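# Chain and residue survey
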Amino acid sequence: MNDGLPPPTIAVLVFPGSNDDRDAQLALERLGAEAPRVWHTEESLPRRTAAVVLPGGFSYGDYLRCGAIARFSPVLRAVTRFAAGGGLVLGICNGFQILTEAGLLPGALRPNASLSFVCRDVPLIIERTDTPFTTRCEPGQELSIPVKNGEGCWFADEELLAELETRGQIALRYAANPNGSVGDVAGVFNADGNVFGLMPHPEHAVDPLLGSTDGALLLGSLVDAARLSVAVPA
Amino acid sequence: MKATVLVRPKQGILDPQGQAVSSSLRHLGFAVGDTRVGRLVDVDLQTDDRDEALAQVQQMCEQLLANPLIEGYEIELEGG
């Protein structure tokens with residue numbers, strides 16, 4: 001997949017309380033990207049940033065609502081500009097919550113229906129394979145990727161859900177819903193398809209030692225797309 | 001002037017915390033139906049003008065204190 005192109009730069013943001021940033025960095029590096037970690041106070045992204053990952057964790061202690069405070073970070077302003085210009089942005093778990101609070105992704109995340117913290121591999125169905133985040137997947141493919149969250153219950157009202165379905169913005173669904181998400185939704189795209197958020201953790205599913213390598217299909221797709229976006233500047 | 005903001009999950013939103021609380025109340029022997037759990041925010045404002053205070057707190061709710069997709073809010077100003 002390398003084609004002799006230089007490794008793309010995929011910035012991994014770090015907020016106070018992020019705890020999956022190193023796993024995300026390791027996974028992206030193994031898949032051929034350079035993945036500098038970027039502290040939340042930075043006003044701009046590293047030079048030649050081709051994609052941004054918002055990792056999981058408990059940014060700002062999840063005070064008020066998960067992700068509600070992190071969206072005021074200086075680096076989020078840079079990410080908002082980057083996304084508005086078509087830049088690729090991936091939010092995982094708390095990163096997904098931050099992107100919904102920031103208005104970059106539709107819906108909101110609420111406490112799991114069980115009120116329990118759920119931490120296990122879950123079966124997922126890929127809805128789209130024609131996006132920068134899913135090209136390495138097969139249509140309708142079932143993936144096994146772990147979730148680990150207390151507030152992963154995605155919500156949209158009926159009208160919004162219907163709109164998202166019509167526009168093909170549903171990215172991933174649970175084959176067995178672990179948290180009460182409406183429509184079994186596990187991940188969504190923004191309207192332009194360059195921002196993707198999901199509750200499962202692909203960065204924890206890239207090594208056979210840990211059970212599944214299906215997460216590498218999603219992160220590997222992102223690395224491929226980031227490499228292309230560097231090769232062909234927009 | 002002080003303001004109190006009451007934030008509640010909107011009707012139709014699954015509220016597992018509320019369900020857990022009503023179940024516990026029933027265990028204690030109370031005859032209760034639904035219970036909803038929200039959030040209370042006390043804000044100390046720099047203004048004593050009621051209209052100004054209300055306008056400010058409304059903006060706070062829209063921009064941060066509530067998520068309009070899933071939560072409704074009520075504002076109470078000091079002195080009723």
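In this report, the structure presented in the accompanying data block is examined. Predicted model, so just to flag it, every value in this text is computed and none were measured. (Residues numbered from 1 in each chain as written. Chains lettered and ligands numbered in written order. Predicted model: local features only at pLDDT ≥ 70, side-chain atom pairs only at ≥ 80, totals over all residues. Heavy atoms only, no water.)

## Points about helix α1 (residues 16-27) of chain B
Residues and elements named next belong to chain B. Here α1 is 12 residues long and its end C-alpha atoms lie 17 Å apart, about the 16 Å a rise of 1.5 Å per residue gives. For α1, the set of buried residues is Pro-16, Gly-18 and Ser-22. Mapping the buried residues of α1 onto a view down its axis gives an arc of 155°, with all of them on the same face. Positioned one or two residues after α1, Gly-29 has a phi angle of 100°, which is positive. (Helix = DSSP H or I, 4+ residues; strand = E, 2+ residues; numbered from the N terminus. Expected span 1.5 Å × (residues − 1). Buried < 20%, exposed > 50% of the residue type's maximum accessible area, 1.4 Å probe, protein only. Arc of directions from axis to C-beta.)

## Observations regarding unusual backbone geometry
In this model, Tyr-60 of chain A sits at a positive phi of 50°, which is unusual for a non-glycine residue. Mapped onto the secondary structure, Tyr-60 of chain A falls in the loop between β3 (49-54) and α2 (74-84).

## Overview of the sheet that holds strand β11 (residues 195-198) of chain A
Residue and element names in this part refer to chain A. Read from one edge to the other, the open sheet built from 9 strands follows the order β2-β1-β3-β4-β11-β10-β9-β6-β7, with strand pairing classed as mixed. Sheet topology places β2 (37-39) and β7 (142-149) at the edges, where each strand pairs with a single neighbour. Adjacent strand axes in the sheet meet at a mean angle of 25°, parallel and antiparallel pairs treated alike. Pairing of strand β4 (residues 88-92) with β11, which is carried by 4 bridges, proceeds in the parallel orientation. Bridge pairing in β11 places Leu-90 opposite Phe-196. Sitting on the sheet, helix α1 (residues 21-30) touches β1 (9-14), β2 and β3, and the angle it makes with β1 is about 170°. Sheet contacts for α2: β1, β2, β3, β4 and β11; angle to β3, the most-contacted strand, approximately 125°. (Pairing = 2+ DSSP bridges. Axes fitted to C-alpha atoms, helices over the stretch in contact; angles between N-to-C directions. Contact = heavy atoms within 4.5 Å.)

## Things to note about the environment of Gln-46 of chain B
Residue and element names in this part refer to chain B. Mapping Gln-46 onto the fold places it in the loop between β2 (39-44) and α2 (50-65). The exposure class of Gln-46 is exposed, given its relative accessible area of 81%. Distance from Gln-46 to Lys-2, taken between C-alpha atoms, is 8.8 Å for residues 44 residues apart in sequence.

## Examining the packing of aromatic side chains
A ring pair, where both rings are aromatic, is described by two values, the distance of the centres and the angle of the planes. Residue and element names in this part refer to chain A. Tallying each qualifying case throughout the model produces 3 aromatic pairs over all chains. Ring centres of Phe-133 and Phe-196 lie 5.2 Å apart, and the angle between their planes is 55°; on these two criteria the pair is classed as tilted. In this pair, Phe-133 sits in the loop between β6 (118-126) and β7 while Phe-196 sits in strand β11, placing the two residues 63 residues apart along the sequence. Judged by centre distance (5.1 Å) and plane angle (40°), the rings of Phe-189 and Phe-196 are tilted. For the pair shown, Phe-189 and Phe-196 are each scored as buried. Grouping aromatic residues by their ring pairs yields a cluster made of Phe-133, Phe-189 and Phe-196. (Phe/Tyr/Trp six-rings, centres within 6.5 Å; stacked < 30°, edge-to-face > 60°.)

## Section: the pattern of salt bridges
Between side chains of opposite charge, pairing is possible as soon as their charged atoms come close. Residue and element names in this part refer to chain A. On inspection of all chains with the given rule, the structure shows 14 salt bridges over all chains. Linking Arg-37 and Asp-21 is a salt bridge whose minimum nitrogen-to-oxygen distance equals 2.9 Å. You can see Arg-37 sitting in strand β2 and its partner Asp-21 sitting in helix α1, a full 16 residues away along the chain. (Salt bridge = Lys/Arg side-chain N within 4 Å of Asp/Glu carboxyl O.)

## Regarding the layout of surface pockets
The space that makes up the largest pocket amounts to roughly 330 Å³. Along the wall of the largest pocket there are 23 residues; nearest its centre are Leu-64, Arg-65 and Arg-110 of chain A together with Arg-39 and Glu-71 of chain B. Put simply, the parts of the chain that give the lining of the largest pocket at least two residues each are α3 (94-101) and β5 (108-110) of chain A together with β1 (2-9) of chain B. Split by residue class, the lining of the largest pocket holds 10 nonpolar, 5 polar and 8 charged. (1 Å grid on protein atoms, 1.4 Å probe; cavity = no way out; pocket = protein on both sides within 12 Å on 5 of 7 lines; lining within 4 Å. Points joined across faces, edges and corners; volume = space filled by probe spheres on them. Nonpolar A, V, L, I, M, F, W, Y, C, P; charged D, E, K, R; others polar.)

## Digging into the pairing of strand β9 (residues 170-174) of chain A
All names here are of chain A. For β9, the buried fraction is high: 5 of the 5 residues fall into the buried class. Sheet topology note: the β6/β9 ladder contains 3 bridges and is antiparallel. Residue pairing across strands places Leu-124 opposite Tyr-174, the latter belonging to β9. Here β9 runs beside strand β10 (residues 185-189); their pairing, made up of 3 bridges, is antiparallel. Across the sheet, Ile-170 pairs through a bridge with Val-188, a residue of β10.

## Let's talk about the interface of chain B and chain A
With 16 residues of chain B at the interface, the matching set in chain A holds 15 residues. For the chain B and chain A pair, buried surface summed over both sides reaches about 1400 Å², with 66% attributable to carbon and sulfur atoms. On the chain B side of the contact with chain A, Pro-16, Leu-64 and Leu-69 of chain B bury the most area, a combined 37% of that side's loss. Across the contact surface, chain B and chain A share 2 salt bridges. Measuring nitrogen to oxygen at the nearest pair gives 3.7 Å for the salt bridge that ties Arg-65 of chain A to Glu-71 of chain B. Mapped onto the side of chain B that touches chain A, the elements with two or more residues apiece are α1 and α2 of chain B. When the residues that make up the side of chain B that touches chain A are grouped by side-chain class, the tally is 10 nonpolar, 3 polar and 3 charged. (Buried area = accessible area lost by both parts, 1.4 Å probe.)

## Some points on the sheet that holds β1 of chain B
Residues and elements named next belong to chain B. If you walk across this open sheet you meet the 3 strands as β2-β1-β3, and the pairing is antiparallel. Edge positions in the sheet fall to β2 and β3 (71-77), since each of these pairs with one other strand and no more. Across the sheet, the mean angle from the axis of one strand to that of its neighbour is 20°, orientation sign disregarded. Pairing of β1 with β2 involves 6 bridges; the strand directions are antiparallel. By the bridge assignment, Thr-4 is partnered in β2 with Asp-42. Against the sheet, α2 engages β1, β2 and β3, with an angle of about 155° to β3.

Any functional reading would require information that these geometric values do not contain.
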